[in-house]
Amino acid sequence: MTLYDEGLELLRAGKIYFAERFIPYFFASYACHCFNLRNILANIYYEHRGKPDMRLHTLMVAPPGFSKSIFMRQLFDPVMGILNTPTVEAVFEGSCTEAGFIGTIDKVNGQPVPRMGLAQEYQNGIVAIEEFAAITKALEQKHSATFEAQLNSALFGGEVRKRLAGGLIKYHTNVTLIAGTQTTRFDISGGLGRRFSYIYWVPTRAEFQALRDAVREGANVQLDQPALENYRNKLLKFQSDLDDLKHIIYTKDLYDVMAERPHFEFLIYRKIALGYNLFIADKISSELEIRLD
């Protein structure tokens, strides 16, 4: 059974409804995160003569109460998250200012003291923010006047550079951002908006009823600890197996599907396809075809 199938089976056993519909995008993001870390060290994939940023940041847009938080916690929570392993740290945050995400330099007894932000503290990990509106609100505050530019750089390319009165903040981050926001609060600029893959859900009346059923059926469903540990161990093997990957190829049928899309969307679709193909692979060999199934 592939990581894709087994992961969905674990969530179904926990009575997580709509897992088959929405969780695959999170799987793709996780696989891209692991691939990006490996590609930095190895010579697997290039674009325009350089190694591209292959992170797939993901933003789920849905009404309040429609699984944004539960999906993220089922995937990344330290206790029950099926994608939480010691090698890929995950953290949950409520809100964040520019200093909190990028870092800052404080003065202590007249001396500059650097303070790490999330992007540096979890530079090889995943940050999950349950309400992205907290970020977009911070962009409007005077204390975070340059946050959007810094966030753009951190999420695409990963180069963080900011000069303050106390000194220079400079580092590279590979953090992947996973977030949710309500449909009525969805407000994101063009530059920052192109950094994300979107999951957009306007539920039907039948889906309202299905979630009522999920709340009822989820009562007294306990965590299957042995199954969880077994799955996490397979993720560790997946991460190590990426060492064997030497080359990836995007097939023509994939480009045919994207033919009418704007060029900048190619970057997102290629990452979704890469993450998906990695997660459904029975075995990671030296060459991987990224194709439609």
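Each chain has its residues counted from 1, running along the sequence as written. Only residues with pLDDT of 70 or above have their local features reported here, since the model is predicted, and side-chain atom pairs are shown and tallied only from 80 upward, although totals for entire chains, interfaces and linings are computed over all residues. Just so you know, side-chain values use all the structure's heavy atoms and leave hydrogens and water out.

Q: Which parts of the structure should I look at to understand the layout of surface pockets?
A: The gaps of empty space that remain are located by a probe, the size of a water molecule, rolled over the atoms. In this structure, the largest pocket occupies an estimated 630 Å³ of space. In DSSP terms, a helix is any run of H or I states spanning at least four residues, a strand is any run of E spanning at least two, and both are numbered starting from the N terminus. Of all elements in the fold, only α1 (3–13), α3 (68–76), α9 (205–217) and α10 (225–241) reach the threshold of two or more residues within the lining of the largest pocket. Per element, the largest residue contribution to the lining of the largest pocket is five residues, and it comes from α3. Residues are grouped as follows: nonpolar covers Ala, Val, Leu, Ile, Met, Phe, Trp, Tyr, Cys and Pro; charged covers Asp, Glu, Lys and Arg; every other residue, Gly included, is treated as polar. When grouped by side-chain class, the residues that make up the lining of the largest pocket number 17 nonpolar, seven polar and three charged. Lining residues are those with an atom within 4 Å of a point, where the points come from a 1 Å grid over the protein atoms alone and group into cavities, where a 1.4 Å probe fits but cannot get out, or pockets, open sets with protein on both sides within 12 Å along at least five of seven lines. Grid points are joined across faces, edges and corners, and a volume is the space filled by probe spheres set on the points.

Q: Help me understand the packing of aromatic side chains in this model?
A: Stacked, tilted and edge-to-face pairs are distinguished by plane angle, under 30 degrees for stacked and over 60 for edge-to-face with tilted covering the rest, among Phe, Tyr and Trp rings (Trp via its six-membered ring) whose centres lie within 6.5 Å. Counted under the stated rule, the structure contains 15 aromatic pairs. A centroid spacing of 5.8 Å and a plane angle of 75° characterise the contact between F238 and F279, whose relative ring orientation is edge-to-face. Taken together, the residues span a long stretch of sequence, with F238 in helix α10 and F279 in helix α12 (residues 263–280) at a distance of 41 residues. An identical accessibility class is assigned to F238 and F279; each is buried. Taken together, F18, F22, F26, F66, F71, W201 and F208 form an aromatic cluster joined through their ring pairs. A simple rule labels every residue: compare its accessible area, found with a 1.4 Å probe on the protein chains alone, to the largest value its type can have, and call it buried under 20%, exposed over 50%, or partly exposed in between.

Q: For this particular structure, what's the right way to read the packing of α1 against α10?
A: Angle between the axes and distance between the axes are the two parameters that describe a pair of packed helices. Axis angles are defined between N-to-C directions and span 0 to 180 degrees, where every axis is a line fitted to C-alpha atoms and, for a helix, only to the segment in contact. Relative orientation of the contacting elements α1 and α10 amounts to 155°, with a least axis distance of 11 Å. Judged by the inter-axis angle, α1 sits roughly antiparallel to α10. Considering only the axes of α1 and α10, their crossing is left-handed. Residues L3, E6, G7 and L10 of α1 form the contact with α10, whose participating residues are A227, N230, Y231, K234, L235 and F238. A class-by-class count of the residues in the contact of α1 with α10 yields six nonpolar, two polar and two charged. Working rule for angles: under 35 degrees goes down as roughly parallel, over 145 as roughly antiparallel, 65 to 115 as roughly perpendicular, anything else as oblique. Should the near helix be turned anticlockwise from the far one by less than a right angle, the crossing is termed left-handed; should it be turned clockwise, right-handed. Whether two residues are in contact is decided by their heavy atoms: any pair within 4.5 Å suffices.

Q: Explain the pattern of salt bridges to me, please; I cannot follow it from the model alone.
A: Side chains that differ in sign of charge can pair as their charged atoms come close. A carboxyl oxygen of Asp or Glu within 4 Å of a side-chain nitrogen of Lys or Arg is what we treat as a salt bridge. Under the counting rule described, the total for this entry stands at 15 salt bridges. As a salt-bridge pair, E9 and R12 come within 3.0 Å of each other at their nearest N and O atoms. One end of the pair is E9 and the other is R12, both in helix α1 and three residues apart, which spans about a single turn. E9 gets classed as partly exposed once you look at its relative accessible area, which sits at 40%. Residue R12 is classed as partly exposed on the basis of its relative accessible area of 32%. Between R216 and D213 there is a salt bridge; the shortest N-O distance is 3.3 Å. With R216 and D213 both in helix α9 and three residues apart, this pair spans about one turn of that helix. Classification of R216 as exposed rests on a relative accessible area of 54%. Residues joined in a network through salt bridges with shared partners are E9, R12 and E20.

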